[in-house]
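Take a look at the letters that make up each chain.
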Amino acid sequence: MPATVASRPAGPPIVPDETKVWPEARLRFLSALWGEGFIGPGGAEEALRLSKPLGLQSSHSLLNVGAGLGGAARSITSASGAWVSAFEQDPDLAAVGAGLSKKMQLEKKAEVKAFDPAAPKFRSNYYHHALVLEALWMVEKKDVVVAALSAAVKEAGQVVVTDLTMGETPILPEDETARTWRELDRSPIHLMQPEDETRLLAGHGLDIRIAEDISARHVQQAVSSWRAIAEMISEQNLTRSQARAIVNEAELWLRRLALLRTGRLRLMRWHAIKR
């Protein structure tokens, strides 16, 4: 059972500024909706599913790009013992994520840091493997991040990437659902066609072994979590800020799921080997 909507995630205080992208009420709700430390569907179960092919052990180092609040990094190191360096481009999320790792005494094994996608600084030829979680669809110059990622992974290291991409059905300029989603979701938004992203990854020394559409699983995970939280919400007396956070998040996900279900968006997964 997820934490109650009113519960506060562990870590340092979050300034309750409703003008921020990540106000306190929103982070509290996301913790209840997706699991503590996560900002999207799947939670720890999906993080472990995605990282399982990497065969992580306590002697391994993992580069995690797209850390969010660091939930995936902490879940992975707790399950495998691997040393995870997690990087998040949103400095507010990174700061809260670092606080959560410190609270759980995992600041060394699951460190969370901010990074600049225009000039990423990952340790060269250092990591055994890499896990990139929806970190590229908000980046215009994706080749800069992919080049730094590839350079950071040792030869024969494995790389798993998930990302939102364009779907088979084009998004038209007059598409109101897409327009509203773009306004509500993390921005800016720079989507590619899946085959173009495959070529981008391959062009930076990554031998693509798998490129698959995991949209259906993503949708199912999101719907399952929303159903569970709806039952909790109906039993609570919400504050105004809590209600606003829930409505805003629901509006975002109604549109994102509609785009995924109709093939206008995809969530892709790639599994590659560093050449």
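Residues numbered from 1 in each chain as written. Predicted model: local features only at pLDDT ≥ 70, side-chain atom pairs only at ≥ 80, totals over all residues. Heavy atoms only, no water.

### Regarding helix 5 (residues 142–152)
Along helix 5, the residues that are buried comprise Lys142, Val145, Val146, Ala148, Leu149, Ser150 and Ala152. The elements touched by buried residues of helix 5 are strand 1 (61–65), strand 4 (129–133), strand 5 (158–166), helix 7 (194–202), strand 6 (206–213) and strand 7 (265–274). (Buried < 20%, exposed > 50% of the residue type's maximum accessible area, 1.4 Å probe, protein only. Helix = DSSP H or I, 4+ residues; strand = E, 2+ residues; numbered from the N terminus. Contact = heavy atoms within 4.5 Å.)

### Some points on unusual backbone geometry
The phi angle at Gln105 is positive, at roughly 60 degrees, despite the residue not being glycine. Mapping Gln105 onto the fold places it in the loop between helix 4 (91–103) and strand 3 (110–114). Here Gln105 falls in the exposed class, since its relative accessible area comes to 71%. Look at Glu134: it is not a glycine, yet its phi comes out positive at around 45 degrees. Turning to its location among the elements, Glu134 is positioned in the loop between strand 4 and helix 5.

### Concerning the environment of Glu45
Note that Glu45 resides in helix 2 (residues 43–51). Put simply, Glu45 and Ile76 are 31 residues apart on the chain and 9.8 Å apart in space, counted from C-alpha to C-alpha.

### Here's the deal with the side chain of Lys274
With respect to the helices and strands, Lys274 occurs in strand 7. Buried charge without a salt bridge: Lys274, with Glu155 as the nearest opposite-charge side chain at an N-O distance of 7.7 Å. Among the polar contacts made by the side chain of Lys274, one reaches the main-chain carbonyl oxygen of Val153 at a distance of 2.8 Å. (Lys, Arg positive; Asp, Glu negative; His and termini not counted. Salt bridge = Lys/Arg side-chain N within 4 Å of Asp/Glu carboxyl O. Polar contact = N/O pair within 3.5 Å; in protein donor to acceptor, adjacent residues only side chain to side chain.)

### Remarks on the nonpolar core
The biggest cluster of nonpolar side chains holds 55 residues, and the ones touching the most others in it are Trp34, Trp181 and Ile229. Sorting elements by how many residues they give to this core places helix 8 (residues 215–233) first, with seven residues. When sequence neighbours within four positions are dropped, the list of residues in contact with Trp181 reads Trp137, Leu164, Ile189, Leu191, Leu252, Arg255, Arg256, Leu259 and Leu265. In terms of nonpolar packing, the next biggest core, distinct from the first, is built from 25 residues, Val65, Val146, Val161 and Trp270 among them. (Core = buried A, V, L, I, M, F, W, Y, C linked by side-chain atoms within 4.5 Å.)

### Side note on the pattern of salt bridges
Pairing between side chains of opposite charge can happen when the charged atoms of each approach one another. A complete count under the given rule lists 17 salt bridges for this structure. Between Arg26 and Glu249 there is a salt bridge whose closest N-O contact spans 2.9 Å. With Arg26 in helix 1 (residues 24–34) and Glu249 in helix 9 (residues 240–261), this residue pair connects regions lying 223 residues apart in the sequence. The residues Arg26 and Glu249 share a single accessibility class, namely buried. Here Glu251 makes a salt bridge to Arg255, at a shortest N to O gap of 2.4 Å.

### Notes on the environment of Pro188
Structurally, the position occupied by Pro188 is in the loop between helix 6 (176–184) and helix 7. Judged by relative accessible area, Pro188 falls into the partly exposed class, the value being 46%. Once the C-alpha coordinates of Pro188 and Trp137 are considered, the two residues, 51 residues apart in sequence, prove to be 8.5 Å apart.

### Regarding the sheet that holds strand 2 (residues 83–88)
Strand order across the open sheet formed by seven strands is 3-2-1-4-5-7-6, with mixed pairing between neighbours. Looking at which strands have only one partner, the edges of the open sheet turn out to be strand 3 and strand 6. Along the sheet, successive strands turn relative to each other by an average axial angle of 20 degrees, direction set aside. Across the face of the sheet, helix 2 comes into contact with strand 4, strand 5 and strand 7 while running at roughly 135 degrees to strand 4. In the packing of helix 4 onto the sheet, contacts are made with strand 2 and strand 3, and the angle to strand 3 comes to roughly 160 degrees. (Pairing = 2+ DSSP bridges. Axes fitted to C-alpha atoms, helices over the stretch in contact; angles between N-to-C directions.)

### Some remarks on the pairing of strand 5
By the criterion of burial, strand 5 is predominantly enclosed, with eight of the nine residues buried. The pairing of strand 4 with strand 5 spans four bridges and is classified as parallel. Following the sheet pairing, Leu131 is matched in strand 5 by Val160.

### Notes on the confidence of the model for the protein chain
When pLDDT is averaged across the protein chain, the result is 92; 93% of the residues are at 70 or more. Every residue in residues 1–19 is under pLDDT 50, and counting partners more than four places away or in other chains gives 53 contacts. (pLDDT = per-residue confidence, 0-100.)

### Considerations on the packing of helix 1 against helix 9
Viewed as axis vectors pointing N to C, helix 1 and helix 9 meet at an angle of 60 degrees, and their least axial separation amounts to 9 Å. Taken together, the axis directions place helix 1 and helix 9 in an arrangement best described as oblique. As for the relative orientation of helix 1 and helix 9, their crossing is right-handed in sense. Taking contact as the criterion, the partners of Ala25, Arg26, Arg28, Phe29, Leu30, Leu33 and Trp34 in helix 1 are, on helix 9, Ser241, Gln242, Ala245, Ile246, Glu249, Leu252 and Trp253. In terms of residue class, the contact of helix 1 with helix 9 is built from nine nonpolar, two polar and three charged. (Parallel < 35°, antiparallel > 145°, perpendicular 65-115°, else oblique. Left-handed = near helix turned anticlockwise from the far one by under 90°. Nonpolar A, V, L, I, M, F, W, Y, C, P; charged D, E, K, R; others polar.)

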